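Now for the letters of each chain:
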There are 2 protein chains.
Amino acid sequence: MASMEAPVGAWSRVAQALSHPIRVVVASFLAAILGGTALLMIPLAAASGESTDPVTALFTATSAVCVTGLVLVDTGTYWSGFGQGVILVLIQMGGLGIMTLASVLAVLIGRRIGVRASLLSGAEARRGSGVAMNAREVVVGVVRTSLLFEAAVALILIVRFLITYDEAPGRALYLGVFHAVSAFNNAGFGLYADSLERFALDPVISLTIAGAIICGGLGFPVLWELRRLWRRPREWSLHTRMTVAATAALLGVSTVVITFAEWGNDATMGTFSGPGKLLAGFFHAVNTRTAGFNSVPIGEMRSESLLASDVFMFIGAGSAGTAGGIKVTTFVLMGYIMWAELRGERQVIASRRTVPADVQRQALTVAFFGVTAIAVSTWLLLSTSAFSLDVVLFEVVSAFGTVGLSTGITASLPTHGQLLLTVLMFVGRLGPLTVGASLALRTRPRRFEFPEERTIVG
Amino acid sequence: MASMEAPVGAWSRVAQALSHPIRVVVASFLAAILGGTALLMIPLAAASGESTDPVTALFTATSAVCVTGLVLVDTGTYWSGFGQGVILVLIQMGGLGIMTLASVLAVLIGRRIGVRASLLSGAEARRGSGVAMNAREVVVGVVRTSLLFEAAVALILIVRFLITYDEAPGRALYLGVFHAVSAFNNAGFGLYADSLERFALDPVISLTIAGAIICGGLGFPVLWELRRLWRRPREWSLHTRMTVAATAALLGVSTVVITFAEWGNDATMGTFSGPGKLLAGFFHAVNTRTAGFNSVPIGEMRSESLLASDVFMFIGAGSAGTAGGIKVTTFVLMGYIMWAELRGERQVIASRRTVPADVQRQALTVAFFGVTAIAVSTWLLLSTSAFSLDVVLFEVVSAFGTVGLSTGITASLPTHGQLLLTVLMFVGRLGPLTVGASLALRTRPRRFEFPEERTIVG
Ligand SMILES: [K+]
Ligand SMILES: [K+]
């Protein structure tokens, strides 16, 4: 803390602090949000040159740090270049922060519990050969991987903006970098008032951004393992197999469901060609995995599309990545647990591996924590506003899952409703991670045990 | 099966069959439903003297056997006296059936796992003194207790109908018995087209019916233990303590929430006096615990009341009683599990007792099974009808929780929507019970074990 002369000592201290990690995580996110709020309130940050009100600044800073993407004011026109820069930095800090912390936690959890098949296969492989991956290496790896992906995505976007859309070089560079960072970090902030609706039928922009979102959403443990074991899927860890398979399956299902439901809706994709509909459906499906861009107007979608999106937004994408939601592994584990329960199996077997009892409990707790937060918030927002259940539920799930999609009611909500969403973005960003980590890092042994007693269930 | 000369042998054979109980339960419920459907299709069953269409008959029979109370046609005017009698018998069969099976299962589970603190405290106490309560005694006890409660409630109602409402003796008897059976069994079927709206401000009828609903909803294990240990709450089992405390707390919270939300709504209780509002709020709160009568028009309630009701309907009341939903013990256990998880406790301690790991998993599985069934059904119904999310969700939760409250859309749904609700009533009635029982009664030991492997959660 005091000096940088002993980096290894400093990192081990950081690692030590992380053994009570929840306070550190919460404190650093709060600090980033409050700093961002202050910066966004400077008159220079708004295009008008006037100071922004505290609620709007707090909401925007929280949305950026929690890589959500819900906004009260249009990012591209309300904020000045400086304001947009602040938002971009907050997104990058929030994205790197959550990824780093989650990855370090994963390493610590792996060590603490002493499992052989570590969560971080990279670390595992090196530990197997006598070299442990420490917290510092994890952080450096996360930063390097992020910048690499963002640079590649930005490059494609810049070229496209330059050539196809005749943007000036400086503008093309700015648009490319902003959307690349926003996409890889699953932030959903854009510089266009219509998000990406104008590019609904541009496969280069749609698919590049979708690719960045999917990669960021897989999470670093998976990205690193895929790089190392790309050609040897048999050696993938359970975590990687689950994440990849569930991501593919969920993307397939959600593309079909959304495209099918909106096929004849002229207000969204009804006027598109067949392939255009599929592209727009796929893009929406990818973005419900908590990225938050939209290429068709969300407010015009049918109720059943909104509800289906609610489910996909709630699930989110991979752990220790940039996505929100309860995470695909949590969702898949719940499926395995229910299946075992229905068959009357004592153990939960996933792909020839036994899932430990505490991991099962973690998964179910994370999921129920989410359902509870969403139910309570939806009720509060319904009670204090005049909007109907479908749009309110969508807004709440979007905030909790740090998705950022909206039917357009965000700015029309009463102030306390906007503050509720602010809290929910924060809870949604940190809740599943900390709930998931607290069990694994618990430090409260009981001195004595109470006798067991059963209750009837169901 | 073949002869009745050896009742003990017959009962032990029943108990043996129940060791694979799910098939027996499902088959007997299906048989009752199909028999009821056939009877209701007889021209004699309808007041018009014409044969009823199969969908309406199936829906009504399922609703009665599953003690739900959702209807496509008005019970009091559409059906003849014979039809109403069939419905009453189906309710009584369904109510007794589910209570008996659940109680027998509880005994079997207690034996199989060999817990000391049995689920059935009555059985436990007698086993402690060397006398085991067998399946037959459980069945006899359930029938006797049911008839006792129903007779007491019917008596009060009959007197009230006779004296205050000047009904003829025969009619008062019929109204009293029908509503007493319907209330104690949490069935929600009534003989008035407006359910019990005309009695909204009659405390005798409202509170008598509310009392019957609450007692039926506590479940037999709790009722029996309360009778035995009424004055010694310190000796109550964990199951009874949890059920009684959670029932009181949930009733209090739901009364406050509903009364508060509807206080100024002139279409429901806004025109009532203060005590009248409280009475109507309490009555609705009691009926969301899966009874299904209403004294204010549900279709006029505010969105936030509907959503709050959804939550209370989903939770339901006690296990091994007449209520539906995931049950209060399941809900309370989830709270304890989440609390332990957030504190990083390895064990879940509820009121100085350790909750076994498999009971935790059961609770979380039952809850998630419910959430999944509701989400999928809501999506299907939204996709195939023109109603909005709030009324569709309410209808689906009401069917799944076998509540029977409705905003009034049941009869207007397309036929496949009505069939979906039929399936959902069946699944909601038997699902939580069988999911909860399957783990406890599992019979699939693994020959070999797979190695453990962790995944990241959240
Ligand atoms: K987002
Ligand atoms: K009912």
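The shown structure was predicted, so the numbers you read here are calculated from the model rather than taken from an experiment.

Time to look at the overall build of chain A. Counting its regular elements, chain A contains 17 helices and two strands. Counting only residues that meet the buried cut, chain A has 60% of its 458 residues in that class. A sequence separation of at least 24 residues applies to 70% of the contacts in chain A between residues at least 6 apart.

A few words on the packing of helix 14 (residues 328-343) of chain B against helix 15 (residues 357-384) of chain B. Residue and element names in this part refer to chain B. Axis separation between helix 14 and helix 15 bottoms out at 9 Å; the angle between their running directions is 115 degrees. By the angle between their directions, the pair helix 14 and helix 15 is classed as roughly perpendicular. The hand of the helix 14/helix 15 crossing is left-handed. For the pair formed by helix 14 and helix 15, the contact residues are Thr-330, Leu-333, Met-334 and Ile-337 on the first element and Val-359, Gln-360, Ala-363, Leu-364, Val-366 and Ala-367 on the second.

Residue and element names in this part refer to chain A. On the protein side, the potassium ion (ligand 1) has Val-67 (O), Thr-68 (O), Asn-186 (O), Thr-290 (O), Ala-291 (O), Thr-402 (O) and Val-403 (O) as donor atoms, found 2.5 to 2.9 Å from it. Here the donor residues of the potassium ion (ligand 1) are spaced in sequence according to V-T-x117-N-x103-T-A-x110-T-V. Placement of Asn-186 in the loop between helix 8 (169-184) and helix 9 (203-218) and of Val-403 in the loop between helix 16 (389-400) and helix 17 (415-440) is noted, with a sequence separation of 217 residues between them. Residue class for Asn-186 comes out buried when judged on its relative accessible area of 1%. Residue classification places Val-403 among the buried residues on the basis of a relative accessible area of 0%.

Put simply, a metal with four donors set out as a tetrahedron has ideal angles of 109.5 degrees, and one with six donors set out as an octahedron has ideal angles of 90 or 180 degrees. Residue and element names in this part refer to chain B. Around the potassium ion (ligand 2), the donor atoms from the protein are Val-67 (O), Thr-68 (O), Asn-186 (O), Thr-290 (O), Ala-291 (O), Thr-402 (O) and Val-403 (O), and they sit 2.5 to 2.9 Å away. Each donor residue of the potassium ion (ligand 2) lies on the same chain, and together they follow the pattern V-T-x117-N-x103-T-A-x110-T-V. Of this pair, Thr-68 sits in the loop between helix 3 (54-65) and helix 4 (75-78) while Thr-402 sits in the loop between helix 16 (389-400) and helix 17 (415-440); the two residues are 334 residues apart in sequence, bridging distant segments of the chain. For the residue pair Thr-68 and Thr-402, the accessibility class agrees, reading buried in each case.

Let us now look at the confidence of the model for chain A. The predicted coordinates of low-pLDDT regions are not to be read in fine detail. Residues and elements named next belong to chain A. On average, residues of chain A score 82 in pLDDT, and 83% of them reach the 70 mark or higher. Model confidence for chain A, summarised as mean pLDDT per element, is weakest for helix 6 (residues 121-128) at 39 and strongest for helix 3 (residues 54-65) at 95. Long-range and interchain partners of residues 1-7, a stretch whose pLDDT sits below 50, account for three contacts in this model, where long-range means more than four residues apart.

Before going further, it helps to spend a moment on helix 16 of chain B. Residue and element names in this part refer to chain B. Between the first and last C-alpha of helix 16 there are 16 Å, a value that for twelve residues agrees with the 16 Å anticipated at 1.5 Å per step. Among the twelve residues of helix 16, twelve are classified as buried, and the element is accordingly described as predominantly covered. Those residues of helix 16 that fall on the buried side of the exposure criterion are Leu-389, Asp-390, Val-391, Val-392, Leu-393, Phe-394, Glu-395, Val-396, Val-397, Ser-398, Ala-399 and Phe-400.

Turning to the side chain of Asp-310 of chain B, a few remarks are in order. Residues and elements named next belong to chain B. Here Asp-310 lies in helix 13 (residues 303-315). It is Arg-289 that comes nearest to the buried, bridge-free Asp-310 among opposite-charge side chains, at 13 Å. Contact partners of Asp-310, with chain neighbours within four places excluded, come to Leu-393, Phe-394 and Val-397.

Before going further, it helps to spend a moment on the pattern of salt bridges. All names here are of chain B. Going through the model one piece at a time under the given rule, you end up with six salt bridges over all chains. A salt bridge links Arg-232 to Glu-235; the shortest N-O distance between them is 3.4 Å. Judged by relative accessible area, Arg-232 falls into the partly exposed class, the value being 41%. A residue is classified by how much of its surface remains accessible, and Glu-235, at 45% relative accessible area, is partly exposed.

A few words now on the packing of aromatic side chains. Centre distance and the angle of the planes are the two values used to describe a pair of aromatic rings. Inspection of the entire model under this criterion finds 23 aromatic pairs over all chains. Ring centres of Phe-161 of chain A and Tyr-165 of chain A lie 6.3 Å apart, and the angle between their planes is 55 degrees; this geometry places the pair in the tilted category. We classify Tyr-165 of chain A as partly exposed; its relative accessible area is 30%. On the numbers, 5.4 Å between centres and 70 degrees between planes, the contact of Tyr-192 of chain B with Phe-199 of chain B is edge-to-face. Overall, the relative accessible area of 10% leaves Tyr-192 of chain B in the buried class. Three or more aromatic residues link up through ring pairs in this structure, and these residues are Phe-149, Phe-184, Phe-220 and Trp-224 of chain A.

Glancing now at unusual backbone geometry. In this model, Asp-166 of chain A sits at a positive phi of 55 degrees, which is unusual for a non-glycine residue. The backbone of Ser-195 of chain B shows a phi angle near 55 degrees, a positive value even though the residue is not glycine. Within the element layout of this structure, Ser-195 of chain B appears in the loop between helix 8 (169-184) and helix 9 (203-218).

Before going further, it helps to examine the side chain of Ser-406 of chain B. All names here are of chain B. Note on placement: Ser-406 falls in the loop between helix 16 and helix 17. Polar contacts involving the side chain of Ser-406 include one to the main-chain amide nitrogen of Gly-408, which spans 2.9 Å. In this structure the side chain of Ser-406 is engaged in a polar contact, spanning 3.1 Å, whose partner is the side chain of Thr-410. Residues contacting Ser-406, with those up to four places away along its chain left out, are Leu-70, Ile-298, Phe-394 and Glu-395.

All names here are of chain B. A contiguous nonpolar surface patch, about 510 Å² in accessible area, is contributed by Leu-155, Ile-156, Val-159, Leu-162, Ile-163 and Val-204. Examining the composition of the nonpolar patch, we find that five residues originate from one element, helix 7 (residues 135-163), more than from any other. Note that Val-204 resides in helix 9. Owing to a relative accessible area of 31%, Val-204 belongs among the partly exposed residues under this scheme.

Here the focus is the nonpolar core. Looking at soluble globular proteins, one finds that nonpolar side chains tend to be buried together. Counting residues in hydrophobic clusters, the biggest one holds 260 residues, and the most contacted among them are Ile-209 of chain A together with Ile-209 of chain B. For Ile-209 of chain B, the contacting residues outside a window of four places in its chain are Leu-157, His-179, Ala-183, Leu-196, Phe-283 and Phe-293 of chain B.

Criteria and cut-off values
- Residues numbered from 1 in each chain as written.
- Chains lettered and ligands numbered in written order.
- Predicted model: local features only at pLDDT ≥ 70, side-chain atom pairs only at ≥ 80, totals over all residues.
- Heavy atoms only, no water.
- Helix = DSSP H or I, 4+ residues; strand = E, 2+ residues; numbered from the N terminus.
- Buried < 20%, exposed > 50% of the residue type's maximum accessible area, 1.4 Å probe, protein only.
- Contact = heavy atoms within 4.5 Å.
- Axes fitted to C-alpha atoms, helices over the stretch in contact; angles between N-to-C directions.
- Parallel < 35°, antiparallel > 145°, perpendicular 65-115°, else oblique.
- Left-handed = near helix turned anticlockwise from the far one by under 90°.
- Donors = N, O, S within 2.8 Å, 3.2 Å for Na, K, Ca; no water.
- pLDDT = per-residue confidence, 0-100.
- Expected span 1.5 Å × (residues − 1).
- Lys, Arg positive; Asp, Glu negative; His and termini not counted.
- Salt bridge = Lys/Arg side-chain N within 4 Å of Asp/Glu carboxyl O.
- Phe/Tyr/Trp six-rings, centres within 6.5 Å; stacked < 30°, edge-to-face > 60°.
- Polar contact = N/O pair within 3.5 Å; in protein donor to acceptor, adjacent residues only side chain to side chain.
- Patch = residues over 30% accessible without salt bridge, like charges linked within 9 Å, V, L, I, M, F, W, Y side chains within 5 Å.
- Areas by Shrake-Rupley, 256 points an atom, 1.4 Å probe, with all protein chains shown as cover.
- Core = buried A, V, L, I, M, F, W, Y, C linked by side-chain atoms within 4.5 Å.

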